[in-house]
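# Remarks on the overall topology
Here's the letter readout for the chains.
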Amino acid sequence: MKLGVVGLPNVGKSTLFNAITHAGAQAANFPFCTIEPNVGVVAVPDERLAQLAALYNCKKITPATIEFVDIAGLVKGASRGEGLGNKFLAHIREVDAIVHVVRCFEDENVTHVEDSVDPIRDINIINLELILADMESVQKRYDKAFGMIKSGDKKYKIESDLLRRILDRLEEEKPVRGIELNEDEQKYVDGLFLLTSKPVIYAANISESDMGKSDGEIPLVQKVKEFAKTENSETLTICARTEEEISQLEPEEASMFLEELGLKESGLNRLVKASYKLLGLISYLTAGEPETRAWTIKEGTKAPQAAGKIHTDFEKGFIRAECIDWKLLLECGSYTKAKELGKVRSEGKEYVMKDGDVVLFRFNV
């Protein structure tokens, strides 16, 4: 899974991204890492893995991961090539979802590109650039489909009607993700790789002095939450500066620091979990002495396709999936005991995988 981190200059985007990449530099036994200066890979927090690894005396733990891409160049006029315009557009097209960092703090020492702090104005600046880029892309498609209607092939009429609906929404300066689509229409729109069709998490970046307050006590955060509701997007309140500090601490020190702040987990962990939820992803687990591992799949994935995540041969030669819920496995004390008690289920090709399934795939190629 790949997430694009966007935001205007001086909103805390780089600070948050530094927290992601610093975390990678610190935790060698946890697969946070930096691939290149603008890409960070973060492990999905998953308490289940350590518990299963202990049950199996496992030598290696491999969590699921999320890739964060720092997308620079977002300024007013980016859709026309201002800043790093065309480069940033190409990067956004490649991501699965967008983390839009919005400044919700006052600080006279940190200048704002628009000379004042107004999160909704900032959101609209970036959204408009994405909308303008999408309009140009969709207009070309629409002109081509509309021109082909005279051929008599009904598919061009259906296509042009859908593209017209999309254009109408974009012309209202609204993102494509708010349009109601049936399954076929959604497949078609997915194939357009539109910037405004991607799901969004608005990361409301607050000051250190606002940490510990509820969202309702921070007026700027409330504005962001109300805006996000209008387009069915998610909101996450985070202090990027504190996250950067936490990322540079050893795990035990970080836990103590969070406890002092009255927090159960870091904002970075909450961001990772929120991203998973936003994209409708779950994890099934494989466990054994060599390795305990989480595998990311879409909610609703059937057993053979889930097996294919491990290896294509598993999907091609799928026979069955032997499944047990991770908590039930722990209660039984071992996989062998769970089988003796009849707790391990034998599932076929139509089985829809559940989050937390511990699975052994049987296959024959």
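Positions within a chain are numbered from 1, following the residues in the order the chain's sequence is written. Per-residue local features of the predicted model are confined to residues with pLDDT of at least 70, and side-chain atom pairs are confined, for both listing and counting, to 80 or more; whole-chain, interface and lining totals are unaffected and use all residues. With hydrogens and water stripped out, all remaining heavy atoms of the structure feed into the side-chain values.

Looking now at the nonpolar core. To define a nonpolar core, start from buried Ala, Val, Leu, Ile, Met, Phe, Trp, Tyr and Cys residues and group those joined through side-chain atoms within 4.5 Å. Exposure classes here rest on a 1.4 Å probe applied to the protein chains alone. A residue is buried below 20% of its type maximum, exposed above 50%, and partly exposed in between. One finds F68, I92, Y202 and L329 to be the most contacted residues of the largest nonpolar core, which totals 68 residues. Not counting residues within four places of it along the chain, the set of residues in contact with L329 comprises L52, L55, Y56, I324, S334, Y335, A338 and V358. Of all hydrophobic cores here, the second largest spans 15 residues; its members include W295, F318, V359 and F361. The contact criterion used throughout is that any non-hydrogen atoms of two residues lie within 4.5 Å.

Quick look at the packing of aromatic side chains now. A pair of Phe, Tyr and Trp rings is counted when the ring centres sit within 6.5 Å of each other, with Trp represented by its six-membered ring. The angle between the planes then sorts it: under 30 degrees is stacked, over 60 is edge-to-face, the rest tilted. Scanning the model with the defined rule gives six aromatic pairs in all. In textbook terms, an aromatic cluster arises when at least three aromatic residues are bridged by ring pairs, as seen for Y284, W295, F318 and F361. One residue, R164, lies across the ring of Y142, its end atom 5.2 Å from the ring centre. We count a charge as sitting over a ring when the NZ of a lysine or the CZ of an arginine lies within 6 Å of the ring centre and within 35 degrees of the ring normal. R293 extends its terminal NZ or CZ atom over the ring of W295, reaching a point 4.0 Å from the ring centre.

Runs of H or I in DSSP of at least four residues are treated as helices and runs of E of at least two as strands, each being numbered from the N terminus. Helix α8 (residues 240-247) sits mainly inside the fold: six of its eight residues count as buried. Along α8, the residues classified as buried are A240, T242, E243, E244, I246 and S247.

Here the chain averages 86 in pLDDT, and 89% of its residues register 70 or above. Confidence scores here are pLDDT values: one per residue, from the predictor, ranging 0 to 100. Predicted confidence is poor over residues 24-37, with pLDDT under 50, and the contacts of this stretch with residues over four places away or in other chains come to 26 contacts.

What follows covers the layout of surface pockets. Site definitions follow a grid-based scheme: protein atoms alone, a 1 Å grid, a 1.4 Å probe that fits but cannot get out for cavities, and for pockets an open set with protein on both sides within 12 Å along at least five of seven lines, plus lining residues having an atom within 4 Å of a point. Grid points are joined across faces, edges and corners, and a volume is the space filled by probe spheres set on the points. Within this model, the second largest pocket holds a volume of roughly 740 Å³. Together, 27 residues line the second largest pocket, and D96, D190, S197, K198 and P199 are the ones closest to its centre. With three residues, the top contributor of residues to the lining of the second largest pocket is helix α6 (residues 183-190).

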